[in-house]
Amino acid sequence: MPDAIRYDFDMMPVVSREELDEFLSRGVFDPRLDEKVALFRDPRAAAALRAADPDLREVFQQAGFSLGVSRMDLPEGTFARDHAAARREVIRRLHDLIPTRRAEVRTAAGSAFSLADFLDQTEAARPFAARERCKILDWPAWAGSAQPKLASQG
């Protein structure tokens, strides 16, 4: 049985930092420059949404999802802590859109994209700080400091 589709997603800026700096240096101040888009990490989730009913796809795109794939490498069920606010906003928009587009969402039930799994995984996701990825090693007593020594150095 193949692995289940993971619906983890990341919030990525629409305009890169370099582009933003260029706009700002030219005196262009526009709130849309800070917009972010949601990208699934699992390519199968993005492919399933691309193949889903056009109405369901439109609901997700209106909420702020892209059909592309994120390149972030975080553990399953987590999201970058600094993405929390943008993530809440895209989820809020999605929750606002689903009831108004109930018929369209219901017709997508037969597709590979599972709205129920998406909602379950999104609800269960927890923030993840970059420092949590670093494992602090307990150096052996012979090392004496954070600098590893050769075993022959005693």
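Heads up: these notes are all about the structure in this document. Along each chain, numbering runs from 1 in the same order as the chain's sequence is written. Residues qualify for local features only when their pLDDT is at least 70, as the model is predicted, and side-chain atom pairs are given and counted only at 80 or more; totals for whole chains, interfaces and linings, by contrast, use all residues. Excluded from the side-chain calculation are hydrogens and water; included are all heavy atoms of the structure.

### Examining the packing of aromatic side chains
So, point 1. Note on aromatic contacts: the rings of Phe and Tyr and the six-membered ring of Trp form a pair at centre separations within 6.5 Å, being stacked when their planes are under 30 degrees apart, edge-to-face when over 60 apart, and tilted otherwise. Counted according to the given criterion, the structure contains 13 aromatic pairs.
So, point 2. Ring plane angle 75° and centroid distance 5.0 Å describe the contact between Phe60 and Phe113, whose orientation is recorded as edge-to-face. Remark: Phe113 occurs in the loop between α5 (102–107) and α6 (115–124) and Phe60 occurs in helix α3 (residues 54–63); sequence separation between them is 53 residues. Here Phe60 and Phe113 have matching classes, each one buried.
So, point 3. Aromatic rings pair up to connect Tyr7, Phe9, Phe40, Phe60, Phe65, Phe113 and Phe118 into one cluster.
So, point 4. Counting as a charge over the ring demands two things of the Lys NZ or Arg CZ atom: a distance within 6 Å of the ring centre and an angle within 35 degrees of the ring normal. Across from the ring centre of Phe9, 4.2 Å away, lies the NZ or CZ of Arg87, which sits over that ring. A run of H or I in DSSP becomes a helix once it reaches four residues, and a run of E becomes a strand once it reaches two; helices and strands are each numbered from the N terminus. Burial status follows relative accessibility: with a 1.4 Å probe on protein chains alone, a residue under 20% of its type maximum counts as buried, one over 50% as exposed, and anything between as partly exposed.

### As for the environment of Glu76
So, point 1. Looking at the secondary structure, you find Glu76 in the loop between β3 (65–69) and β4 (78–80).
So, point 2. Judged by its relative accessible area of 58%, Glu76 is exposed.
So, point 3. As a C-alpha pair, Glu76 and Ala125 span 49 residues in sequence and 8.3 Å in three-dimensional space.
So, point 4. The residues touching Glu76, leaving out its near neighbours within four places in the chain, are Arg6 and Asp8. Whether two residues are in contact is decided by their heavy atoms: any pair within 4.5 Å suffices.

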